[in-house]
Structures are given as structure tokens and as C-alpha cells.
Amino acid sequence: MKKLSVLLVFLAILLTSSLGLAFENVKFAVISDPHISIPQQRGVSDGYKLGLQTQMLAENTVAELNKIPDLQFVLVTGDLTQDAEPWNIDVLRRILDGLKVPYFVTLGNHDLSRVPHNLKDQPVTLSKYTVAGAFIGKSGGMTPGMTYYAHEVAKNLVLINLDTSRAQVFAPEAGLNDYGGYVDPGQMRWLEKTLQANQGKTIIVMTHHNLIPWCEGDRTDHNKWGWFRIDNGNAVQSMLQKYGVNAIFTGHRHISTRYQDVGGVFNFVHPALSTYPMRFTLYDMTPQGLKYEVKNVPASDDVWALAKKNFLADSWWRDADQPNTPEGNAKYLELYEGTSMSGSVKFK
Ligand SMILES: [Fe+2]
Ligand SMILES: [Fe+2]
């Protein structure tokens with residue numbers, strides 16, 4: 001009789017855990033494109049990207065996130081470093097390890113090896129597998145020998161991270177001048193298996209490149225802006241839809257947070273820490289939907305003024321209808337600043 005009651009208790013526990021009482025709500029942050037380039041490095045300057053300020057901007061962001069008492073984890077959506085330099089990886093790892101909560105990184109197009117083309121000024125950059133290796137386990141989410149992974153980050157909430165850089169190396173002199181995005185066939189097979197194994201759970205995906213265009217120039221490949229998107233974005237998007245993925249979080253585009261509902265998969269894009277308007281995003285998610293709030297990275301008035309001045313001085317990041325005129329600048333600012341600092345969505 002005693003054995004039977006022990007068995008019944010055991011079965012009850014098993015049933016409750018497998019039925020899976022999903023998470024009630026999770027709070028997490030998304031930070032993107034820190035592009036860490038420590039000031040001691042030769043050639044680092046404050047341009048469109050505030051090279052000299054990147055370390056400070058990332059440190060200030062971490063300090064701000066540490067003030068949020070019920071934050072559960074942080075996603076870092078790629079372009080971790082200037083160009084995969086070992087000293088920048090070490091500094092970023094130290095900064096992110098300062099977070100009080102676990103964090104998960106994805107690799108961007110700047111986090112892979114560059115082929116040296118000038119022996120006098122040879123860049124020292126690392127293989128993407130080495131960069132990924134600096135972020136294994138609780139400090140980054142990577143698993144050994146891989147550049148993509150999946151983790152159950154809360155009860156019945158699965159995070160899938162993909163490696164979307166098209167080029168294995170960046171080598172303009174070899175014709176590999178490539179910041180584009182692609183999910184290779186092996187990774188597509190892994191993605192489908194992972195989605196199949198997690199049906200019925202809430203699934204969020206993190207990538208550096210985008211699945212969809214965010215403006216006219218992304219559609220028309222203005223200034224090669226097709227590089228902001230994954231070549232096989234439609235195939236990836238279809239797979240996410242097929243398995244009922246709730247949301248995807250991306251970076252790379254350096255525009256302020258906004259979303260598009262594509263077949264029930266909410267595509268969220270995020271601003272950079274290192275370029276105007278330096279921002280990060282807080283999410284409060286339940287199995288039914290999410291709320292988000294966008295925050296400015298704390299920095300001095302001088303740094304903000306410099307960021308905006310350098311932003312306005314740039315031409316490459318302007319769309320075809322955004323020349324350096326009052327009307328052009330208004331459109332340029334609206335594209336990058338966005339029109340809202342908060343919002344909410346209901347999952348389908
Ligand atoms: Fe970037
Ligand atoms: Fe990027």
C-alpha cells in the first residue's frame with residue numbers, strides 16, 4: 001500500500017512536470033551591435049560607429065540592466081566586436097559577465113575572420129568558431145564546436161539562436177566583400193529538427209541578419225542593403241511559420257526597435273548600442289504575448305551630440321530619398337529613431 005502511494009505521488013509529479021505548466025511571464029532585454037573596439041587599438045575613432053565609446057556604452061548598458069530586479073536574461077543579437085579581434089572579445093566577455101543574469105549571444109557579420117590584405121597593417125582577427133568558443137555555457141549560450149544552439153530558457157520557453165553570416169571569412173580582395181546573410185542547409189535541417197522537438201512550447205528565435213526588409217532601400221538593394229537580409233529569408237520565415245514560432249529578434253540594421261507580424265511570427269529588429277540612436281529594449285513576455293519598452297543608453301550630452309552629428313554626416317546609411325537636406329534629414333531620422341518607444345503584441 002505504501003509502495004502504491006509512493007508510486008502515485010511519483011506519477012503525479014511526472015504528469016505535472018510533463019504537462020509542463022508553462023512560464024507565467026519572463027522579463028528579458030535585447031541589446032545589439034555593441035561593435036566593441038577598445039580605444040587602445042590602433043585606428044579606432046568616433047565615426048558613424050562611436051568606436052572610442054563602444055566599451056563605455058556597453059558598460060553603461062550592463063549597469064542599467066543590473067538595476068532591473070526581476071530581469072531574467074539578456075539577448076545580444078550580434079556584431080559583438082569591431083572585427084573579431086581577440087582583445088575586443090576579451091573585453092566584451094568581461095563586460096557581459098558583469099550582468100547579474102545569464103546572457104545569450106549570436107554572431108554577427110563582424111564576428112568572423114578577415115583575410116589580411118595589407119601585410120604592413122595586418123588585422124588580427126579570429127575564426128567565428130573561436131569567437132563562439134569564448135561564449136560557451138552560461139556566459140553566452142554557445143555549445144562547444146557550434147555557432148548555433150537552442151536552450152529552454154524558462155519552463156516551456158525555448159530560445160533558438162542561428163548563425164546567419166553568409167561569408168565564412170571577410171576578404172574584399174578575394175571578392176568576398178560580403179556582409180550578407182544565409183542559413184546553410186545543415187543548419188536548416190538542425191532548425192527543423194529542433195522545432196519539431198519543441199512543438200507546443202513558446203519558441204523565440206534570435207539572429208543577427210533580418211528575414212524581412214524594413215524600408216524601401218532594403219527592398220531595392222540600395223547601397224547593397226540586401227545584405228541586411230538573409231538570402232533564404234523566405235525559406236527560414238516559412239519554417240518558423242510552419243512550427244508556430246512566436247517571435248524572432250534581430251539586429252544588424254541599426255534602426256530603433258519595431259516589429260512586423262509575418263504570418264503570426266513577430267519579427268522584431270533592434271537598434272545598436274554603438275550608433276545613433278544608441279538604445280536597448282526590455283521585454284515582458286507571457287505565453288499569450290509581449291510588451292516592450294525601448295530605452296536610451298545612458299551617456300553624457302557630449303556623446304549624444306557627437307553620435308547625432310556623426311549620424312547626420314554619414315551618407316551610406318541614408319536611403320535614396322534621404323539626402324542631406326531638411327526634408328531628407330527628417331526622413332533619415334524617422335527611419336533610424338522610429339516612431340514609438342513602446343508597444344505590445346498578442347501571439348496568434
Ligand atoms: Fe552592426
Ligand atoms: Fe551587422
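Structure: see above.
Residues numbered from 1 in each chain as written. Chains lettered and ligands numbered in written order. Predicted model: local features only at pLDDT ≥ 70, side-chain atom pairs only at ≥ 80, totals over all residues.

J.: How would you sum up the pairing of strand β1 (residues 26-31)? Please name residues and give values.
T.: As a general feature of sheets, a regular strand has side chains that alternate between the two faces. Buried residues dominate β1, accounting for five of its six residues. Relative to strand β11 (residues 279-286), β1 is paired through five bridges, and the arrangement is antiparallel. Of the residues in β11, the one forming a bridge with Ala29 is Leu282. For β1 and strand β2 (residues 73-76), the ladder comprises four bridges, and the chain directions are parallel. When the bridges of β2 are listed, Phe28 appears paired with Phe73. The parallel pair β1 and β2 is bridged by helix α2 (residues 54-65), and the resulting crossover is right-handed. (Buried ≥ 20, exposed ≤ 12 C-beta atoms within 10 Å, placed from the backbone. Helix = DSSP H or I, 4+ residues; strand = E, 2+ residues; numbered from the N terminus. Pairing = 2+ DSSP bridges. Right-handed = clockwise from strand over helix to strand, strands pointing away.)

J.: So what about the nonpolar core? Which residues, and what values?
T.: The nonpolar side chains of a soluble globular protein tend to be buried with one another. Ranked by internal contacts, the top residues of the largest apolar core, which has 77 residues, are Val74, Val76, Val205 and Ile248. Ignoring sequence-local partners within four residues, the contact set of Val74 consists of Phe28, Ala29, Ile31, Leu65, Leu99, Val101 and Tyr103. (Core = buried A, V, L, I, M, F, W, Y, C linked by C-beta atoms within 7 Å. Contact = placed C-beta atoms within 7 Å.)

J.: How would you explain the sheet that holds strand β6 (residues 157-161) if you had to name every residue and give the values?
T.: If you walk across this open sheet you meet the six strands as β5-β6-β7-β8-β10-β9, and the pairing is mixed. The open sheet has two edge strands with one neighbour each: β5 (149-154) and β9 (258-262). Taking each pair of neighbouring strands and ignoring which way they run, the sheet shows an average axis angle of 20°. Where β9 and strand β10 (residues 265-269) come together, five bridges link them in antiparallel fashion. Across the sheet, residue Gln260 finds its bridge partner in β10, namely Asn267. Contacts from helix α7 (residues 233-242) reach β7 (202-206), β8 (247-250), β9 and β10 within the one sheet, and its direction differs from that of β10 by about 130°. (Axes fitted to C-alpha atoms, helices over the stretch in contact; angles between N-to-C directions.)

J.: Explain the sheet that holds strand β13 (residues 342-346) residue by residue, including any values.
T.: Judged by pairing direction, the sheet is mixed, and its seven strands sit side by side in the order β4-β3-β2-β1-β11-β12-β13 without closing on themselves. Of all strands in the sheet, those bounded by a partner on one side alone are β4 (139-140) and β13. Pairing between β2 and strand β3 (residues 103-105): three bridges, direction parallel. Residue Leu75 lies in a different strand from β3, and its bridge partner there is Phe104.

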